[in-house]
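# Structural overview for review
Chain by chain, the residues:
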Amino acid sequence: MKFTLHEKNDSFQALIVLGMLLMLCMGACQYALSQIMYREAETNMVEKTVQSRHLIDERIKKYYETLRYVNSVAESQTNSRSELNEYIRKVNPALKDFILIGAVTPQGEMIYGDKAPYDILPVLQQTMRGYEKIQYHCSGIFEHVIVSVPYWRGGRVCGAVYGILNSSAMNSLFYHEDDDSVVFAASQHSWQLGVSSMTIESQQAAHTFFNDESHWNSLSQKLYYNDYGIEAFENADKKWYMVSVAVPELDGWYVYRMLPAWVVDTPIHNVLYLVLVASMVLAVLFWLAMWTLDSNRRESQDKLIRLAYIDELTGLYNYAGLRRKWHTQGRKPVTIFVVDFNSFSALNMIMGNEYGDIVLKKTAAILKDGIDQGEMVCRVTADRFALLMNGEGALERVQNLLEQVRDSVREYTIVLSAGASVADEGGHMNAAYERAITALKYAKQGSNIVVFYDQKMYEEQQMRKRLEEDFEHALERRELKLYLQAKHHLQSDGWAGSEALVRWHHPELGLILPYQFVPLLESTGDIKRLDLYMLKEACRLIRHWLDEGKVVYPISVNISRAHFASKSLVANICMIADSFRVPRHMLELEITESAFIDDAATMVDRLQELSAAGFRLSIDDFGTGYSSLSMLEQIPADVLKLDRNFVLGWERNHNNSLVANVVRLARDFGMLTVIEGVETEEQAAMARESGCDVVQGWLYAKAEPVADYEKRVYGGGSDE
Ligand code: C2E
Ligand code: CA
Ligand code: CA
C-alpha cells in the first residue's frame, strides 16, 4: 500500500515556486547585465567618435598651420605684391588640398594670391577680428569649405588669409570609415556633404535619419544635456545606431558615427544568450538537486509516518492514522463502524496466536477490499477494526463484510459484532468513535449484529453518569440495601442459607437493580467498595441474629473479580468479619468463574488464603466461563454454583445428564452444588434428579428485604 498521509503536492509546489523565483532572479540578472553591456558599448561608441573628432581637429589645425606658413613666407620673403603673387603661385601647387589660396583686406582688396570666385568678405568677418576659422559656405551650386587665418602686418590684423579646400580634402576632412562604421561630419543643413562618399546603403540610412525630425530632435536634446547622443533608428528593416558629438571648431557641426546595430547588438546578444543558457542549465541542476533532496526527505518522512500510523501486522492504518487521514481529508461526514470479535482471546488460546494473526490479516484484507474510494479502514486494537464509510447502503455492506469474514474462517466459529455512529462534518472523530463503542457493547449482547448508536443509548449513558456521581452519596446515606435470597436444601427440604444481593433505593430514581449499576461500578473500580459495604451489612446482620440467639444460616456475599487484584483483599475481609465478631464459616464468598481467565494462579493463591482463614468459598456462575472441569481440582472451593443457563438448557433439551455429570465431578472434588434460577416444580425435580444439593430460585424465594427473609425463615415472630 502506498502511504500518503501528508500532502505531497505541498513541497512539489514549493519547488515549482522556487524554480520560478530562480528563473525570475536570473531574468533580472540578465536584464542588469544587458544594461551594463549596452552602457559599455555606448561608452565605447562615444569614445571612438570623440577620437574621430580629434582626427578632424588635427586636420583643421594642419590647415591653419599651412595658411599661417603661407602668410609668414609672404610677409618675410616678398616686398612687392607682384613678387608675392609670384611666390604664392610657386608654392600653391604644393598645397594640394586647396583649390586656391589668397589674402584680402577688410575692404575687399586682394593682398595676394587668387581671387575668390564670389564675394567672400562676409565669410571672413570673424577672421578680420583675429580668429582662425573654418567655415562651410554655399552659394548657388558651389559648396565650399573655407579655412581662414588673420593677416598680420606690423602687429595688427589688416586682412584675412583664406584657402578653399578642394573636394578630396573636403571628403577626407568630413568622412572616413572606421571598422564597421562610417564617420562623417555634418551640420543640420549640410549633412549631404559628408554622406556623399558612403555606400548606397549607408547613404539611404543617413537620408532616413536626417529627414526624420523626431530622430533629429531626440538626438539634439541628448547632445544638449550630454555633449554626445546616441539614437537607434531603422532603415529598410535594418537597425542602425547614430552616435554624435559636437565639433567646437565648426559652428553647428557635429561628428556622426553611423553603424549597423548588429555590430553592437550581436556580440551582446551572444553573451546574453550564453548566460541565459548557462543560467537555465544551472537552474535546472539546482532544481533537480532540490527535488532529489526533497524526495529523500519525503521518503524518510514516509517511513516515520508509516511507523506512527500504520499497523504492522495488517498494513492498515492504526487509529491515529485513521484520525489523521480523516482530518486531512476535510472531516467529511461519515459513518464509523467499530467491528469487534467476541472473545478473540479464546480463539488465540484454543487455536494459537499464529492462527489468530492469520484471522486478523484475512479480516483486514476483506474489509479493505470491501470499502469504496474515499472510505477508510483501520485496525484500532488487537481484534478491533474501524471503518469510515460514506457510501449508500453502508450498513448492508458492513453486514455483508462481517459475513465474509465469518465464512473465511472455517476451523473456528467466530462471532463478530459492530457498533456504528455518525461523525458529523467538522465534528470530532473521537466522540463518534466513543459512541460507536457504546453501540458495540449493545451489539455484543446479541451475536453477529450491527447496532447503531441511538437516543436510548444516550439516555442510558446519561443515567450511568448520574449513578456514577451519586454512588458516593449512596454509600454515605446507606441507600444501598442488603436483600437476601434464601436457598433451599433439596434433601432436607429446609433452608440452606441465603445470598446477599444489593438494591439501591435512590431518593429520586426509586429502586435500582444491580444490572443497572453493578457493571458500571465494575468499570470504575468502585465495585470493591460495594463488596466491602455488603460484607459489612451481612456481618452486621449475622451479629444481630447471633445476639438474638437465632439459628444462623450462612450468607453468601459476592466478591467481584476486580477485587482479586487487590493485595489487601484477604486482610480487609478478615478485619470486617472480626470487627463484628462473626465466625468465619458463617460467611460464604462467591467468586464468579470468569475471574479465573485473568490470572488463574493469583486467583488460586487468594482463594487458598481465604479458605485457610476459614471462609466458605463458592464458584459462582459456573458454566459461563471457559474454565475446564479439571480446573476445579486446583480450586479450594466448598461450593459450585451452576449458572441459570443449565436450567434453561433443561427447558430446551429435556436432558439433565450434563448437570448430573458436573454434580458428580464436583462431589468427587468435595464440593457442594447449588443450582441457580429454578422457577418451577419441574425444574426443581430435574435438580433433584441431577443430584444437586441446593437450589436457589424464585420457586422458593426471591431476593427480598431482610424483614421479609426473616419472616420466611424464622417465621412471623421476628422483631425486625
Ligand atoms: P448473581 O450473583 O448470579 O446473582 C443471582 C441473580 O439471579 C440475582 O439477580 C437474583 O435475583 C437472580 N435470580 C435468582 N433466582 C432467580 C430465578 O429463579 N430466576 C431468575 N430469572 N433470576 C433469578 P440480581 O440480584 O439482579 O443480581 C444480578 C447480579 O448482580 C448478580 O448475579 C451479581 O453478579 C451482581 N450483584 C448483585 N448484588 C451484588 C453485590 O452485593 N455485590 C456484587 N459484587 N455483585 C452483586
Ligand atoms: Ca452470586
Ligand atoms: Ca450466579
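Residues numbered from 1 in each chain as written. Chains lettered and ligands numbered in written order. Predicted model: local features only at pLDDT ≥ 70, side-chain atom pairs only at ≥ 80, totals over all residues. Heavy atoms only, no water.

Per an unreviewed UniProt entry, the protein carries the name GGDEF domain-containing protein and comes from Anaerovibrio slackiae.

So, about the environment of lysine 567. Residue placement: lysine 567 occurs in the loop between strand S19 (555-559) and helix H17 (569-579). For lysine 567, a relative accessible area of 75% puts it in the exposed group. (Helix = DSSP H or I, 4+ residues; strand = E, 2+ residues; numbered from the N terminus. Buried < 20%, exposed > 50% of the residue type's maximum accessible area, 1.4 Å probe, protein only.)

Residues annotated in UniProt with the feature "domain: GGDEF" (unreviewed entry) correspond here to residues 332-455. Across residues 332-455, helical content stands at 48% and strand content at 25%; the span's end C-alpha atoms are separated by 23 Å. (UniProt positions renumbered as here; feature names shortened; annotations may be inferred.)

Before going further, it helps to examine the sheet that holds strand S6 (residues 175-178). Across the sheet, 5 strands lie side by side as S6-S7-S10-S9-S8; this open sheet has antiparallel pairing. Two strands lie at the open edges of the sheet, namely S6 and strand S8 (228-235), each paired on one side alone. With direction set aside, neighbouring strand axes in the sheet form an average angle of 25 degrees. Of the strand pairs in this sheet, strand S9 (residues 238-246) and strand S10 (residues 253-260) are connected by 7 bridges, and their pairing is antiparallel. Bridged to valine 245 within S10 is valine 255. (Pairing = 2+ DSSP bridges. Axes fitted to C-alpha atoms, helices over the stretch in contact; angles between N-to-C directions.)

With that settled, consider the packing of aromatic side chains. Applying the stated rule across the entire model yields 18 aromatic pairs. Measuring from ring centre to ring centre gives 5.5 Å for tyrosine 63 and phenylalanine 98, while their planes differ by 75 degrees; the resulting arrangement is edge-to-face. Of the two residues, tyrosine 63 is situated in helix H1 (residues 8-77) and phenylalanine 98 in strand S1 (residues 98-104); the sequence distance between them amounts to 35 residues. Residue class for tyrosine 63 comes out buried when judged on its relative accessible area of 1%. Ring centres of phenylalanine 209 and phenylalanine 210 lie 5.2 Å apart, and the angle between their planes is 90 degrees; this geometry places the pair in the edge-to-face category. Taken together through their ring pairs, the aromatic side chains of Phe184, Phe209, Phe210, Trp216, Phe233, Tyr254 and Tyr256 make up a single cluster. It is lysine 702 that lies over the ring of tryptophan 698; its NZ or CZ is 4.3 Å from the centre. (Phe/Tyr/Trp six-rings, centres within 6.5 Å; stacked < 30°, edge-to-face > 60°. Lys NZ or Arg CZ within 6 Å of the ring centre and 35° of its normal.)

Once that is clear, we can look at helix H8 (residues 261-309). Each α-helix winds once per 3.6 residues, and so residues spaced three or four apart point in a common direction. A rise of 1.5 Å per residue sets the reference length of H8, with its 49 residues, at 72 Å; its end C-alpha atoms lie 67 Å apart and thus fit the reference within 8%. Within H8, burial applies to Ala261, Val264, Asp265, Ile268, Leu272, Ser279, Ala283, Asp294, Arg298, Asp302, Ile305 and Tyr309. (Expected span 1.5 Å × (residues − 1).)

Moving on to the site of ligand 1. Taken together, 20 residues form the shell around ligand 1, and within it Gln485, Arg503, Asp531, Glu679 and Trp698 come nearest. Take asparagine 558: an N or O atom from its side chain is 3.2 Å from an oxygen atom of ligand 1. The contact in question runs from an oxygen atom of ligand 1 to an N or O atom on the side chain of glutamate 676, over 3.3 Å. Considered on its own, ligand 1 offers 790 Å² of accessible surface; in the complex 81% of this is hidden by protein. (Near = heavy atom within 4 Å. Polar contact = N/O pair within 3.5 Å; in protein donor to acceptor, adjacent residues only side chain to side chain. Areas by Shrake-Rupley, 256 points an atom, 1.4 Å probe, with all protein chains shown as cover.)

Reference values for angles at a metal are 109.5 degrees in the four-donor tetrahedral case and 90 or 180 degrees in the six-donor octahedral case. Within the first shell, the calcium ion (ligand 3) binds the protein through Asp620 (OD), Asp621 (OD), Glu676 (OE) and Glu676 (OE), at distances of 2.3 to 2.5 Å. In terms of primary sequence, the donors binding the calcium ion (ligand 3) are separated according to D-D-x54-E. Between the two metals, the calcium ion (ligand 3) and the calcium ion (ligand 2), the spacing is 4.0 Å, and aspartate 620 donates to both. Separated by 56 residues along the polypeptide, aspartate 620 in strand S21 (residues 616-622) and glutamate 676 in strand S23 (residues 672-676) bring together distant segments of the chain. Residues aspartate 620 and glutamate 676 agree in their burial class; the two are buried. (Donors = N, O, S within 2.8 Å, 3.2 Å for Na, K, Ca; no water.)

Moving on, we come to the packing of helix H16 (residues 527-548) against helix H22 (residues 706-714). Relative orientation and spacing of two packed helices are given, respectively, by the angle between their axes and the distance between those axes. It is at 13 Å that the axes of H16 and H22 come closest, and there the two elements cross at 40 degrees. Classified by the interaxial angle, the pair formed by H16 and H22 is oblique. Regarding H16 and H22, the two cross each other, and that crossing is right-handed. Where H16 approaches H22, its residues Leu541, His544 and Trp545 are matched on the opposing element by Val706, Tyr709, Glu710 and Tyr714. For the contact of H16 with H22, the residue count by class is 5 nonpolar, 1 polar and 1 charged. (Parallel < 35°, antiparallel > 145°, perpendicular 65-115°, else oblique. Left-handed = near helix turned anticlockwise from the far one by under 90°. Contact = heavy atoms within 4.5 Å. Nonpolar A, V, L, I, M, F, W, Y, C, P; charged D, E, K, R; others polar.)

Listing the buried residues of helix H15 (residues 514-524) in full gives Phe517, Val518, Leu520 and Leu521. In an axial view of H15, the angular spread of the buried residues amounts to 165 degrees, which keeps them on one side of the axis. What points out from H15, more than 90 degrees from its buried face, is the exposed set Tyr515 and Ser523. Looking one or two residues past H15, glycine 525 carries a phi angle of roughly 95 degrees, positive in sign. (Arc of directions from axis to C-beta.)

Another aspect to go through is the environment of tyrosine 118. You can see tyrosine 118 is positioned in the loop between strand S2 (110-113) and helix H3 (125-128). Take tyrosine 118: its relative accessible area is 14%, and that puts it in the buried class. Considering only alpha carbons, one finds tyrosine 118 and serine 139, 21 residues apart in sequence, at a separation of 8.2 Å. Not counting residues within four places of it along the chain, the set of residues in contact with tyrosine 118 comprises His137, Ser139, His144, Ile146 and Ile164.

To continue, consider the sheet that holds strand S11 (residues 334-341). If you trace the 5 strands from one edge of the open sheet to the other, you get S12-S13-S11-S14-S15, paired in mixed fashion. The two strands at the open ends of the sheet, each matched to only one other strand, are strand S12 (376-381) and strand S15 (450-452). Taking the axes of each pair of neighbouring strands and ignoring which way they run, one obtains an average angle of 25 degrees across the sheet. In terms of strand pairing, S11 meets strand S13 (residues 384-389) through 6 bridges, oriented antiparallel. Bridge pairing in S13 links aspartate 340 to arginine 384.

This next bit is on the UniProt feature "transmembrane region" (unreviewed entry) in the protein. Mapped onto the present numbering, the UniProt feature "transmembrane region" (unreviewed entry) falls on residues 12-33 and 271-293. Structurally, residues 12-33 comprises 100% helix and 0% strand, and the distance from its first C-alpha atom to its last is 31 Å. As annotated, residues 271-293 has a helix share of 100% and a strand share of 0%, and its two end C-alpha atoms lie 32 Å apart.

For the rest of this paragraph, the subject is the packing of helix H6 (residues 200-211) against helix H7 (residues 213-226). Look at H6 against H7: their axes get within 5 Å of each other, and the N-to-C directions meet at 75 degrees. One finds that H6 runs roughly perpendicular with respect to H7. Facing H6, whose interface residues are Thr208, Phe209, Phe210 and Asn211, H7 presents Glu213, His215, Trp216 and Leu219. Residues belonging to the contact of H6 with H7 are distributed by class as follows: 4 nonpolar, 3 polar and 1 charged.

Leu480 and Ile675 are the most contacted members of the largest nonpolar core, which totals 80 residues. The leading source of residues in this core is H16, at 10 residues. With sequence-adjacent residues up to four places away left out, isoleucine 675 is seen in contact with Leu642, Phe646, Val647, Trp650, Val659, Ala687, Cys692, Val694, Val695 and Gln696. Residues Ala103, Met170, Ile230 and Tyr241 belong to the second largest nonpolar core, which totals 47 residues. (Core = buried A, V, L, I, M, F, W, Y, C linked by side-chain atoms within 4.5 Å.)

Take the pairing of S13 next. Counting buried residues along S13, 5 of its 6 residues qualify, which places the element largely inside the surrounding structure. With 5 bridges joining them, S12 and S13 adopt antiparallel strand pairing. What sits directly across from threonine 381, in S13, is arginine 384. Between S12 and S13, which follow one another and run antiparallel, lie 2 residues.

The topology assignment puts threonine 592 in strand S20 (residues 587-592). If we skip the residues at most four places from it in the chain, threonine 592 touches Arg561, Asp620 and Asp621.

We now examine the coordination of the calcium ion (ligand 2). In this structure, Glu499 (OE), Asn558 (OD1), Glu590 (OE) and Asp620 (OD) serve as the protein donors to the calcium ion (ligand 2), at separations of 2.1 to 2.3 Å. The sequence pattern describing where the donors of the calcium ion (ligand 2) fall on their chain is E-x58-N-x31-E-x29-D. On the accessibility criterion, glutamate 499 (4% relative accessible area) is buried.

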